[in-house]
Amino acid sequence: MRFLKYPFMATINNHLIAYPTPINIHYAWNFGFLSLICLAIQLITGIFLAMHYTPHISYAFFSVEHIMRDVNFGWLIRYLHANGASMFFVVVYFHIFRGLYFGSYTKPKQWVWVIGIIILLLMIITAFIGYVLPWGQMSLWGATVITNLVSAIPKIGNYIVFWLWGGFSVDNATLNRFFSLHYLLPFIIVAMSLVHLAFLHQEGSGNPLGIESNSDKINLFPYFVVKDFLGLTFFATFFATFLYFYPNILGHSDNYIEANPMVTPTHIVPEWYFLPFYAILRSIPHKLGGVIAMLCSILILAGLPWLHSTEIRSSRFRPIYKILYWTLISCCLLLGWIGGMPVEDPYIAIGQFLSLYYFSYFLFILPILGKIEKNLLVQIPLPVV
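Residues numbered from 1 in each chain as written. Predicted model: local features only at pLDDT ≥ 70, side-chain atom pairs only at ≥ 80, totals over all residues. Heavy atoms only, no water.

Per an unreviewed UniProt entry, the protein is named Cytochrome b, and its organism is Osmundea sinicola. For the protein, the Subcellular location (unreviewed entry) comment in UniProt is given as "Mitochondrion inner membrane". (UniProt positions renumbered as here; feature names shortened; annotations may be inferred.)

This part covers the overall build of the protein. Looking only at helices and strands, the protein features 14 helices and two strands. Here the C-alpha radius of gyration of the protein, 23 Å, is about what a compact globule of 385 residues would show, namely 21 Å. For the protein, the residues scored as buried account for 47% of the 385 residues in total. Relative to all contacts within the protein whose residues are 6 or more apart in sequence, the contacts with residues 24 or more apart total 80%. Of the roughly 20600 Å² of accessible surface on the protein, a fraction of 72% belongs to carbon and sulfur atoms. Measuring between centres, the 19 positive side-chain charges of the protein sit 12 Å from its 14 negative side-chain charges. (Helix = DSSP H or I, 4+ residues; strand = E, 2+ residues; numbered from the N terminus. Rg over C-alpha atoms; globule rule 2.2 N^0.38 Å. Buried < 20%, exposed > 50% of the residue type's maximum accessible area, 1.4 Å probe, protein only. Contact = heavy atoms within 4.5 Å. Areas by Shrake-Rupley, 256 points an atom, 1.4 Å probe, with all protein chains shown as cover. Lys, Arg positive; Asp, Glu negative; His and termini not counted. Charge placed at Lys NZ, Arg CZ, Asp CG, Glu CD.)

Okay, the environment of glutamine 137 next. Structurally, the position occupied by glutamine 137 is in helix H6 (residues 137-148). Note on glutamine 137: relative accessible area 5%, which makes it buried. Distance from glutamine 137 to isoleucine 280, taken between C-alpha atoms, is 24 Å for residues 143 residues apart in sequence. In contact with glutamine 137, other than residues within four places in its own chain, are Asp254, Asn255, Ile257, Glu258, Ala259, Asn260, Val263 and Pro265.

Moving on, we get to the nonpolar core. Grouped together as the largest cluster of nonpolar side chains are 92 residues, with contacts concentrated most on Phe89, Leu100, Tyr358 and Phe362. A total of 13 residues in this core trace back to one element, the largest contributor, which is helix H5 (residues 110-132). Two domains share this core, each providing at least three of its residues, namely domain 1 (13-268) and domain 2 (272-371). Aside from chain neighbours lying at most four places away, what touches tyrosine 358 is Ile280, Ser297, Ile300, Leu301, Leu328, Cys331, Cys332 and Leu335. (Core = buried A, V, L, I, M, F, W, Y, C linked by side-chain atoms within 4.5 Å. Domains from an automatic or database assignment.)

Evaluated as defined, the whole model comprises 26 aromatic pairs. Summarising the aromatic geometry, the rings of tryptophan 29 and phenylalanine 102 are spaced 5.1 Å apart at their centres and angled 45 degrees between planes, so their arrangement reads as tilted. Here phenylalanine 102 lies in the loop between helix H4 (74-101) and H5 and tryptophan 29 lies in the loop between strand S1 (20-22) and helix H2 (30-50), a separation of 73 residues in the sequence. No difference in accessibility class separates tryptophan 29 from phenylalanine 102, as the two residues are buried. Among the aromatic residues, ring-to-ring pairing joins Trp29, Tyr101, Phe102, Tyr321, Tyr325 and Trp326 into one connected group. A cation over an aromatic ring shows up here: lysine 227 above the ring of tyrosine 27, its NZ or CZ 5.1 Å from the ring centre. (Phe/Tyr/Trp six-rings, centres within 6.5 Å; stacked < 30°, edge-to-face > 60°. Lys NZ or Arg CZ within 6 Å of the ring centre and 35° of its normal.)

Moving on to helix H10 (residues 275-283). Within H10, nine of the nine residues are buried, which leaves the element mostly enclosed by the surrounding structure. All of the buried residues along H10 are Leu275, Pro276, Phe277, Tyr278, Ala279, Ile280, Leu281, Arg282 and Ser283. Contacts made by the buried residues of H10 are with H4, H5, helix H11 (287-302), helix H13 (319-339) and helix H14 (347-376).

What follows covers the domain arrangement of the protein. For the protein, the assigned domains are domain 1 (13-268) and domain 2 (272-371). Listed by partner, the interface residues are 40 residues for domain 1 and 35 residues for domain 2. A combined buried area of about 3400 Å² lies between domain 1 and domain 2, and 70% of that area is made up of carbon and sulfur atoms. Applying the counting criterion to the domain 1 and domain 2 interface returns nine residue pairs in polar contact (both at pLDDT 80 or more). Mapped by element, the contributors of at least two residues to the side of domain 1 that touches domain 2 are H4 and H5. With 10 residues, the top contributor of residues to the side of domain 1 that touches domain 2 is H5. (Buried area = accessible area lost by both parts, 1.4 Å probe. Polar contact = N/O pair within 3.5 Å; in protein donor to acceptor, adjacent residues only side chain to side chain.)

Here it is, written out as structure tokens:
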């Protein structure tokens, strides 16, 4: 076709139309496409919200109320953005756990996986500073608690906190720089997503069997595009249920109270998608140790390509791993529950046990299991006909 002589159109054709895709991938592979849709929603709604938002401690809270009450469809844009963040994390977490189940972190796709974890880290930072912008009670005190964690760094911690705050407390300078960073970071996420896709398309997509399938591929369009849009239809229905019927259920009611540095909320908790990491942070009695453990709980995922010790990728051929995989899912869900509970017994002890299991899973269970699986593999000769 003549339009393919243009480099841009040829790139579109190679990566979005004629891209060779394994014929046996199923709906678990939809979550990468849905992540792109969520990122687009966050970018578009964020730009429109920024047009009416005022990054000043005296006006930020009321500018959000102005968006909700006075701007045409402002309530819809704001709820799309707030609930869209939750939907984004839901989709990305499913995307990551699908990768864990089917061994998408193994060579030669290790850098696709590592860049994906970097994107997750950028998402967490972006979501945290975005949570501060409405300037409600949970915004102010959440920012105060989390930024104070940096003070655990020996010698230079307090200086970094002072620099982050732009003063001696979370104040107007903090809100301004957080707004600026919250506007900038999504575009960095877009750039990293393109790098993520470039590495993926260089090595080729995986498949449920975890084997090379260079000869058994078909074009991405129209076969898998139709499948992606069917998944998008179900996702849109799920999203719309929260958006129109339960728009505040994933948020915290205290954030509808204007920030007041003189009144501390009874129970300071982050958004639900941070709760597992928050539980790990609280499980370590030492402040610096808790911060290190929380960071390592994310970074350990990036080390998976080098921590695993098996040549089998897919869980379909790893019955023991399949059981252990669901114990990891249960561990993460329980950590999320513990993160929302008060810091008291028995929640402290349960959180410490779950945190220990989380790290043991990646550092000890996976490598040992891989060695056991290698020993169990028996070469069965093919029958001679």
